[in-house]
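A closer look at the structure
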Amino acid sequence: MTTVDAPATAATTFDLGPARALSCRECGHQVPLAAEFACGECFGPLEVAYEFGPITRATIESGPKSIWRYRDLLPVPSDVDRHPNTEPGLTRLVRADRLAAALGVKRLWVKDDTGNPTHSFKDRVVAVALAAARQLGFTVLACPSTGNLANAVAAAAARAGWRSVVLIPSSLERAKVLTTAVYDGALIAVDGNYDDVNRLATELAAEHEDWAFVNVNVRPYYAEGSKTLGFEVAEQLGWRLPEQVVVPVASGSQLTKVDKGFRELGELGLVEPTPYRVFGAQATGCSPVAAAYKAGQDVVAPVRPDTIARSLAIGAPADGPYVLDAVRRTGGAVEDVSDEEVVEGIRLLARTEGIFAETAGGVTVATAKKLIDTGKLDPDAETVLLITGDGLKTLDAVADRVGPKATVPPSSKAVREALGF
Ligand SMILES: Cc1ncc(COP(=O)(O)O)c(C=O)c1O
Ligand SMILES: [Zn+2]
């Protein structure tokens, strides 16, 4: 493992923009930029440390209409490889007045990340991981995935002309399997749950030095891509932070990085550093972080997932303790909802805002409802819900609940009858 004692040149070999080193979240030990993810001193997770140059709202606003407008805040070279028109980011922030009325809150926004190239926020993290992996000398893009990451890795690798190796649990939704396989990388279904697949990926990453497992050996870079969700929310609100944000939690990376993104914007003077509260959302069938939060614990005990929200089915979340930190530091909470509530959440968002989210979105909406009903979320404070994936990938969740009102012969009378006129 590389340490600070490594040759000083190692730190300057890679052009990763403002990134200067990897820093341990536990003990602060720093190592040069490399494909490392665990601290050599204490095994804590490594995170990118930066030296930011001058950044203004104007330079961001005049940048690409994608996550690359924030490239000076990410571990990527300033001349990051562009694929205009297929880049993730700058998805719509929707003022959700009808959902707000249904939930009983005043000002509500939905950040609709279904609009990304493979229809989830994972395109953001993969784009950053690929850009960093290219600088670090990798040639193969790989991941263990609960589904959306599989789509994003396979598609990004195809677009870049890279090989991909994608590992998924064999029980994954058919739509997520097919929408990965179509890109023609190597897709391997593993008999086991995500946590088994993740362990296997960690083993393979050690054995294949040219494979960049986006969420394993290049995880520090990958994770930074999630900051762009926070950056966009702030920019789209007119360069200010929302008072409350609700984020779905699987490994917990996304939640911690939205928090980090908000903090960086404040530190850099791009927004007023106004207080905000971060809330985590889980499905009860896989709610290790919510359980730890409710029990007042700092450690997250692993669980065996059993929920329809398969994209969030990570029983041993790597960033669980940091989710607890962020939520407690900002005055938020972590809550969980039943599968029944998840389906209701999907339907409520669809019925009120015309947005069809996957099960993770159902978790977010249903958790927001529960947090409001139990008084944990302030109905008078401006709130943003992160909708991170598309309902077309998890049709089974709603398949036996929705469908045609009637099947009729092609006659206007029959239609009127079916409509009860
Ligand atoms: C749609 C969707 N939302 C949210 C998440 C949670 O991401 P994280 O692992 O960063 O907590 C995932 C993870 O796969 C996901 O697929
Ligand atoms: Zn450490």
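What you see is a predicted model, and the numbers here were worked out from it, not measured in a lab.

Digging into the coordination of the zinc ion (ligand 2)
Bound to the zinc ion (ligand 2) on the protein side are Cys24 (SG), Cys27 (SG), Cys39 (SG) and Cys42 (SG), at distances that span 2.2 to 2.4 Å. Of note is the zinc ion (ligand 2), whose 4 donor atoms meet at the metal with angles of 100 to 118° in an arrangement that counts as tetrahedral.

Regarding the packing of helix α4 (residues 122-135) against helix α5 (residues 148-160)
Running from N to C, α4 and α5 cross one another at 45°; their axes reach a closest spacing of 9 Å. With respect to α5, the element α4 is oriented oblique. Every pair of crossing elements has a handedness; the one defined by α4 and α5 is right-handed. On the side of α4, the interface is formed by Lys122, Asp123, Val126, Leu130 and Arg134, while α5 contributes Asn148, Leu149, Ala152, Val153, Ala156 and Ala160. In terms of residue class, the contact of α4 with α5 is built from 7 nonpolar, 1 polar and 3 charged.

Here's the deal with the confidence of the model for the protein
Overall, the predicted model of the protein reaches an average pLDDT of 95, with 97% of residues at or above 70. Segment residues 1-12 is flagged for pLDDT under 50; beyond a separation of four residues in sequence, or across chains, it makes 15 contacts in the model.

With respect to the UniProt feature "modified residue: N6-(pyridoxal phosphate)lysine" (unreviewed entry) in the protein
Here the UniProt feature "modified residue: N6-(pyridoxal phosphate)lysine" (unreviewed entry) sits at Lys122. With respect to the helices and strands, the residue lysine 122 is situated in helix α4. Setting aside its immediate chain neighbours within four residues, lysine 122 contacts Asn148, Leu149, Ala152 and Tyr222.

Brief notes about the domain arrangement of the protein
Taken domain by domain, the protein holds domain 1 (93-119 + 226-397) and domain 2 (122-219). In this structure, domain 1 and domain 2 have C-alpha centres spaced 24 Å apart. Each partner contributes residues to the interface: domain 1 has 27 residues there, and domain 2 has 19 residues. Carbon and sulfur atoms make up 41% of the surface buried where domain 1 meets domain 2, a total of about 1,800 Å² over both sides. Taken as a group, Thr118, Arg310 and Lys393 account for 37% of the area that domain 1 buries against domain 2, more than any other trio of residues on that side. Summed over the shared surface of domain 1 and domain 2, the number is 4 salt bridges. Of the charged contacts in the structure, one is a salt bridge between aspartate 113 and arginine 124, with a shortest N-O distance of 2.7 Å.

Here's the deal with the side chain of asparagine 215
Structurally, the position occupied by asparagine 215 is in the loop between β9 (211-213) and α8 (219-224). Asparagine 215 has contacts with Cys143, Pro144, Leu149, Tyr194 and Tyr222, leaving out every residue within four places of it along the chain.

Considering the packing of aromatic side chains
Following the criterion strictly, the structure yields 4 aromatic pairs and no others. For the pair tyrosine 70 and phenylalanine 231, a centre-to-centre distance of 5.2 Å together with 45° between the ring planes defines the contact as tilted. Placement of tyrosine 70 in the loop between α2 (57-61) and β4 (93-95) and of phenylalanine 231 in helix α9 (residues 227-236) is noted, with a sequence separation of 161 residues between them. Phenylalanine 231 matches tyrosine 70 in its accessibility class, with the two residues each being buried. Taking 6.1 Å as the distance between ring centres and 50° as the angle between the ring planes, the aromatic pair formed by tryptophan 211 and phenylalanine 213 counts as tilted. You'll find tryptophan 211 and phenylalanine 213 in the same group, each marked buried. The positively charged end of arginine 25 is found above the aromatic ring belonging to tyrosine 322, 4.3 Å away from the centroid. Between the NZ or CZ atom of arginine 95 and the centre of the ring of tryptophan 109, over which it lies, the distance is 5.4 Å.

Considering the sheet that holds strand β2 (residues 30-31)
The strand order β2-β1-β3 describes an open sheet built from 3 strands, whose pairing is antiparallel. The open sheet has two edge strands with one neighbour each: β2 and β3 (46-50).

What counts as what
Residues numbered from 1 in each chain as written. Chains lettered and ligands numbered in written order. Predicted model: local features only at pLDDT ≥ 70, side-chain atom pairs only at ≥ 80, totals over all residues. Heavy atoms only, no water. Donors = N, O, S within 2.8 Å, 3.2 Å for Na, K, Ca; no water. Tetrahedral: all angles 85-135°; square planar, octahedral: opposite > 155°, others 65-115°. Axes fitted to C-alpha atoms, helices over the stretch in contact; angles between N-to-C directions. Helix = DSSP H or I, 4+ residues; strand = E, 2+ residues; numbered from the N terminus. Parallel < 35°, antiparallel > 145°, perpendicular 65-115°, else oblique. Left-handed = near helix turned anticlockwise from the far one by under 90°. Contact = heavy atoms within 4.5 Å. Nonpolar A, V, L, I, M, F, W, Y, C, P; charged D, E, K, R; others polar. pLDDT = per-residue confidence, 0-100. UniProt positions renumbered as here; feature names shortened; annotations may be inferred. Domains from an automatic or database assignment. Buried area = accessible area lost by both parts, 1.4 Å probe. Salt bridge = Lys/Arg side-chain N within 4 Å of Asp/Glu carboxyl O. Phe/Tyr/Trp six-rings, centres within 6.5 Å; stacked < 30°, edge-to-face > 60°. Buried < 20%, exposed > 50% of the residue type's maximum accessible area, 1.4 Å probe, protein only. Lys NZ or Arg CZ within 6 Å of the ring centre and 35° of its normal. Pairing = 2+ DSSP bridges.

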